[in-house]
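Residues per chain, in single letters:
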Amino acid sequence: MLHLLGVNLPDQKLVQYALPLFYGIGQKTALKVLATLSIHKTCKIADLSEPQVNQLSTLLSDMKIESDLRKQIRANIMHHRSIGSYVGRRHAMGLPVRGQNTRNNAKTARRLNGRWLKAEKREYSSSTRSIIPSAESPFESFFNHRWF
């Protein structure tokens, strides 16, 4: 098992099928990486030499993958929400963003877009604000004051 940039790659897998285990790398990107490093399609992870592993790690470290990509996506969604765009409002409500129908099938969108709602609720759940004003409140002193 090869541990590369925080991801464990199984030894017996082909490199083109092991690279998509990184978040942000799909089949096409994996094939482009193989072509760039001149690694054959049928090469397995265990067959990679030390210089090839080093070249692969330097190439992957230059790409935006894993946590960097997740942060960028989260920042993009928060940007849409902060400017109040349609996309941001749909994310905030946990509904489909790209124009899909919501009459019957929106379970996946509610599950995926609902993650952002749950994260917000966790952030605000620690603050304890009472609805009833305290004795030092200016509202209470105003209403309790005898004006006549």
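Preceding block: the structure.
Residues numbered from 1 in each chain as written. Predicted model: local features only at pLDDT ≥ 70, side-chain atom pairs only at ≥ 80, totals over all residues. Heavy atoms only, no water.

### Examining the overall build of the protein chain
The helix and strand inventory of the protein chain stands at seven helices and two strands. Taken from N to C terminus, the helices and strands of the protein chain fall in the order β-β-α-α-α-α-α-α-α. Once local pairs closer than 6 in sequence are excluded, the contacts in the protein chain between residues at least 24 apart make up 45%. Taken as a whole, the protein chain presents about 11,300 Å² of accessible surface, with 54% of it coming from carbon and sulfur. (Helix = DSSP H or I, 4+ residues; strand = E, 2+ residues; numbered from the N terminus. Contact = heavy atoms within 4.5 Å. Areas by Shrake-Rupley, 256 points an atom, 1.4 Å probe, with all protein chains shown as cover.)

### Some words on unusual backbone geometry
Its identity is not glycine, yet leucine 5 carries a phi of approximately 55°, on the positive side. Judged by its relative accessible area of 42%, leucine 5 is partly exposed. Although it is not a glycine, glutamate 66 sits at a positive phi angle of roughly 55°. Within the secondary structure layout, glutamate 66 lies in the loop between α3 (50-62) and α4 (67-83). (Buried < 20%, exposed > 50% of the residue type's maximum accessible area, 1.4 Å probe, protein only.)

### Some remarks on the nonpolar core
If you look at the biggest cluster of nonpolar residues, it comprises 20 residues, and the most contacted ones within it are Leu19, Phe22, Leu48, Leu56 and Leu60. Elements represented by at least two residues in this core include exactly β2 (7-9), α1 (15-18), α2 (27-36) and α3. Leaving out residues up to four positions away in the same chain, leucine 48 has contacts with Val15, Ile39, Cys43, Val53 and Leu56. (Core = buried A, V, L, I, M, F, W, Y, C linked by side-chain atoms within 4.5 Å.)

### Focus: the packing of aromatic side chains
Counted according to the given criterion, the structure contains zero aromatic pairs. When the ring centre of tyrosine 23 is taken as reference, the NZ or CZ atom of arginine 70 above it lies at 4.0 Å. (Phe/Tyr/Trp six-rings, centres within 6.5 Å; stacked < 30°, edge-to-face > 60°. Lys NZ or Arg CZ within 6 Å of the ring centre and 35° of its normal.)

### Examining the packing of α4 against helix α5 (residues 86-93)
In the contact formed by α4 and α5, the axes pass within 7 Å of each other and the chain directions differ by 105°. Looking at the two axes, α4 sits roughly perpendicular to α5. Along the contact surface, α4 presents Ile77, His80 and Arg81, while α5 presents Val87, Gly88, His91 and Ala92. Residue composition of the contact of α4 with α5, by class: three nonpolar, three polar and one charged. (Axes fitted to C-alpha atoms, helices over the stretch in contact; angles between N-to-C directions. Parallel < 35°, antiparallel > 145°, perpendicular 65-115°, else oblique. Nonpolar A, V, L, I, M, F, W, Y, C, P; charged D, E, K, R; others polar.)

### Quick word on α5
Turn by turn, an α-helix covers 3.6 residues, leaving residues three or four places apart pointing in a common direction. Where α5 is concerned, the buried positions are Gly88, Arg90 and His91. With its buried residues spanning 160° around the axis, α5 presents them on a single face. At the exit of α5 stands glycine 94, carrying a positive phi of roughly 75°. (Arc of directions from axis to C-beta.)

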